[in-house]
Amino acid sequence: MIKEKNSTALTFEDFRTEVLKDYKIAITSRECSLLGRKEVLTGKAKFGIFGDGKEVPQLAMAKFFKDGDFRSGYYRDQTFMMAIGELTAQQFFAGLYGHTDIVQEPMSGGRQMGGHFVTHSLNEDGSWKDLTKQKNSSADISPTASQMPRMLGLAQASNIYRNIPELADRSNFSAGGNEISWGTIGNASTSEGLFFETINAAGVLQVPMVLSVWDDEYGISVHARHQTTKENISEILKGYQRDENSKGFEILKVKGWDYPSLIETYEKAADLAREEHVPVLIHVNQLTQPQGHSSSGSHERYKDATRLQWERDFDCIRQMKLWMIAINIASPEEIEEIDATTKNEVLEAKKQAWAAFINPIIEEQKNLIQLLEKIAPSSKNSDRILKLTTNLSSIKFPLKKDVLSSARKALRLVINENGQPELANWITKYIEFNQLKFSNNLFSESNLNVFSVKEVVPEYEDNAKEDTDGRIILRDNFNVLFTKYPEVLIFGEDAGSIGDVNQGLVGLQEKFGELRVADVGIREASIIGQGIGMALRGLRPIAEIQYLDYLLYGVQILSDDLATLQYRTVGKQKAPLIIRTRGHRLEGIWHSGSPMGMLINALRGIHILVPRNMTKAAGFYNTLLECDEPALVIECLNGYRLKEKMPLNYGEFKTPIGEVETIKEGTDITLVSYGSTLRLVEVAAKELMEIGINCEIIDIQSLLPFDVKHDIVKSIAKTNRLLVIDEDVPGGATAYILQEIIENQDGYKYLDSKPQTLTAKAHRPAYGTDGDYFSKPSIEDVFEKVYAMMNEVNPTKYPVLY
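What comes next concerns the included structure.

### Some remarks on the nonpolar core
Counting 174 residues, the largest nonpolar core has Tyr266, Met324, Leu423, Met596, Leu599, Leu703 and Ile737 as the members making the most contacts within it. At 15 residues, helix H11 (residues 332-375) tops the list of elements feeding residues into this core. Those residues in contact with Leu423, other than ones at most four positions away along the chain, are Leu368, Leu371, Leu372, Ile375, Ala407, Ala410, Leu411 and Val414. By size, the runner-up hydrophobic cluster in this structure holds 35 residues, among which are Phe478, Phe620, Cys627 and Phe653.

### Considerations on helix H5 (residues 147-163)
With 17 residues, H5 should cover 24 Å at 1.5 Å per step; its first-to-last C-alpha distance of 25 Å lies within 8% of that length. Across the 17 residues that make up H5, a large majority, 15, are buried.

### Examining the sheet that holds strand S10 (residues 488-492)
Strand order in this open sheet of seven strands is S11-S10-S12-S13-S15-S14-S20, and the pairing throughout is mixed. Where the open sheet ends on each side, the last strands, each with one partner, are strand S11 (517-519) and strand S20 (702-704). This sheet shows a mean twist of 20° between the axes of neighbouring strands, independent of strand direction.

### Focus on the packing of H11 against helix H14 (residues 420-439)
As a packed pair, H11 and H14 sit with axes 11 Å apart at the nearest point and diverge in direction by 165°. Here H11 lies roughly antiparallel to H14, going by the angle between them. Judged by the sense of rotation from one axis to the other, the crossing of H11 with H14 is left-handed. Within the contact between the two elements, H11 uses Glu364, Asn367, Leu368, Leu371, Leu372, Lys374 and Ile375 and H14 uses Glu422, Leu423, Trp426, Tyr430 and Asn434.

### Concerning empty space enclosed by the protein
Using the criterion set out here, one finds three cavities of 30 Å³ or more in the structure. If you add up the space inside the largest cavity, you get close to 110 Å³. Every residue lining the largest cavity is counted, 16 residues in all, and those nearest its centre are Phe92, Gly95, Leu96, Gly114 and Gly115. Here the lining of the largest cavity is composed, by residue class, of eight nonpolar, seven polar and one charged. If you add up the space inside the second largest cavity, you get close to 50 Å³. In terms of lining, the second largest cavity is formed by Leu442, Phe443, Ser444, Leu562, Ala563, Leu565, Gln566, Lys574, Ala575, Gly605, Glu629 and Pro630. Within the lining of the second largest cavity, the residues separate by chemical class into seven nonpolar, three polar and two charged.

### Describing the packing of aromatic side chains
By the definition in use, this model includes 28 aromatic pairs. Aromatic side chains Phe92 and Phe93 sit 5.1 Å apart centroid to centroid with 90° between the ring planes, which places their arrangement in the edge-to-face category. Across the pair, Phe93 and Phe92 agree in class, each one buried. Plain terms: the ring middles of Trp128 and Phe173 are 5.2 Å apart, the flat faces sit at 85° to each other, and that makes the pair edge-to-face. One end of the pair, Trp128, is in the loop between helix H4 (89-97) and strand S2 (136-137); the other, Phe173, is in the loop between H5 and strand S3 (181-186), and 45 residues separate them in sequence. A network of ring pairs unites the aromatic residues Phe50, Phe92, Phe93, Tyr97, Trp354, Phe357 and Phe397 as a single cluster. One residue, Lys303, lies across the ring of Tyr218, its end atom 5.1 Å from the ring centre. Note that Lys645 overlies the ring of Tyr460, its terminal NZ or CZ placed 5.6 Å from the centroid.

Procedures and definitions
Residues numbered from 1 in each chain as written. Predicted model: local features only at pLDDT ≥ 70, side-chain atom pairs only at ≥ 80, totals over all residues. Heavy atoms only, no water. Core = buried A, V, L, I, M, F, W, Y, C linked by side-chain atoms within 4.5 Å. Buried < 20%, exposed > 50% of the residue type's maximum accessible area, 1.4 Å probe, protein only. Helix = DSSP H or I, 4+ residues; strand = E, 2+ residues; numbered from the N terminus. Contact = heavy atoms within 4.5 Å. Expected span 1.5 Å × (residues − 1). Pairing = 2+ DSSP bridges. Axes fitted to C-alpha atoms, helices over the stretch in contact; angles between N-to-C directions. Parallel < 35°, antiparallel > 145°, perpendicular 65-115°, else oblique. Left-handed = near helix turned anticlockwise from the far one by under 90°. 1 Å grid on protein atoms, 1.4 Å probe; cavity = no way out; pocket = protein on both sides within 12 Å on 5 of 7 lines; lining within 4 Å. Points joined across faces, edges and corners; volume = space filled by probe spheres on them. Nonpolar A, V, L, I, M, F, W, Y, C, P; charged D, E, K, R; others polar. Phe/Tyr/Trp six-rings, centres within 6.5 Å; stacked < 30°, edge-to-face > 60°. Lys NZ or Arg CZ within 6 Å of the ring centre and 35° of its normal.

This is the structure we're talking about:
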């Protein structure tokens, strides 16, 4: 029988009322799925992927999901979202239509296909809501199993809040660490590496996580025998089962059509996770998929008659009906009445959602038609304009692009005519109004974005010498930050007991404890996921990836999850994770990486910072902890033992994000670079000065965002020549940098010769001692490249070298 925690059993009437409420939610969800598929087939919606067949287990899960808990699921959890009161039938259809109004479609404002769910963690100004007073869902993404790493971090946050007393005053994020991270995944997706990586990490960390595997035996059309050893995920995970001698998972198994057993199973799982902080896996098997994988095709293509009949017989809603009748919860007639009433309610919700979606566009269509009919008579192209009007009028259900495309085509026909200004003004306003609905919130738009923090320069003693290792500057700055911000924690491979491989965290674990300065296993993707999940819950994690080359293991999570988070939630969630790593100048294929072009293209939505030394890096950390945006900080791998001046104002000096720094002024040519290469450029510039070439050197500092004050073009206006130098492959980051300078900053206007680049070779450096010299730009390379560019200016003074 269904029970309330710490209370006596419900009366039969209360029990009956609760079951009937559950049944109505299940029918609502099923009708949404059935009608949703029809909307796709009629062309009103583009694609549908639904939760039919999973309704009953999701009802059971929802019963034990409390305020403060977080979901990290996948695209079949619509029943669960309805059961916790965070999704209505009308909102379901608004998502199916891709409505760009965040009020009508609160899951993503039309930025994700239907079936991707979220709750709003932020107020309109970007500040945090009280997450303990609401049921929370982290924003879904489509790539299979990619919800797993984030789920780990959401659960670990409870451990942090429970065990760090200094966080007790952050009560809007946690009630003593009692929250559970609830995850869902399809059985086929358990084949992904992200699943196994996260399962292992959760067992090691012992976090309060309840993961449900919805098992309907198929992954699209592929049967489990091709997906999973023994065709049974809980069977092959038996080694993770905890016992009296070792920690691990609690593994439970339950049939997905058995309503009372599901409730008992989820109650047990919730108690274990919430009270003992152990991870629980629930293998929910014998599920069905009544309409197949998605609206793209029918499952009759790959399921035989026996399987299809079994799915009809053991449909979870049918079995729930039979059970309700068998124990006198409701008569067949009562159930039929609920079915009929609910179908009508869902049909009405669908109509309202469609009207809310299409009517504003029809109004825009009418407005444009009226304008075109007004300007057509005075145009020499009147017939062609009226034909456009006729074609637009014939579209019964227009899209925004139909309206705007017609307007733009008409504009070509009224160039230099009286109607041009009015039509051009209409188009401009239309684009301004609508473009934001598709493009805003890639980065934070709150008053805590990176541009809200102003530069604070490091302070030094008089006559300070460059006699301090860069690693010491980082360590001492982190020491101040950990003291100043109890919500800051750092974790990574070798980050804890030895203070990271380059000694930038030496002694900090001993001072601040293993929870705040933590060692983790070799598992980059779930390290990133830990950071995302904890940042979603108000902590300020720094996820350390030992080398930039190995960040590639986590790029999928960074790109698909973190980089898109603010965008795909229209600014309703944020995860200000800092990723710390090191790269650039060193020998060896996998310890010399500088794949900046790849990262720039993959991580739009994350700031990419490339400090030239450790003081600049420390300044970036100081800046970021006053912001609400994620960032990747790439320290110079060969800079930890280079000498720098010791600042006096640790934790206070701030490197501005998005601003370049001119580190040497000159008159003949502008040299633009960043990171480790910059030191070589400085040496080359001194040697060039000896032969009369005066170089201006600019440190980019920040690739994303890039030179927001357009200082580089001001330099080019003075020197009239440009060379960009970095360690990425040809066509990598330098192509991006050139586009920013030449196209976006109009730098071409001031050039007297073609802009050029100097990059690494297309391959990666060999391990041999001279590998970097022959693979990456050297001092001599920079010297000769600049010399050759000056040869064009004055071939007599600078004759060809060779």
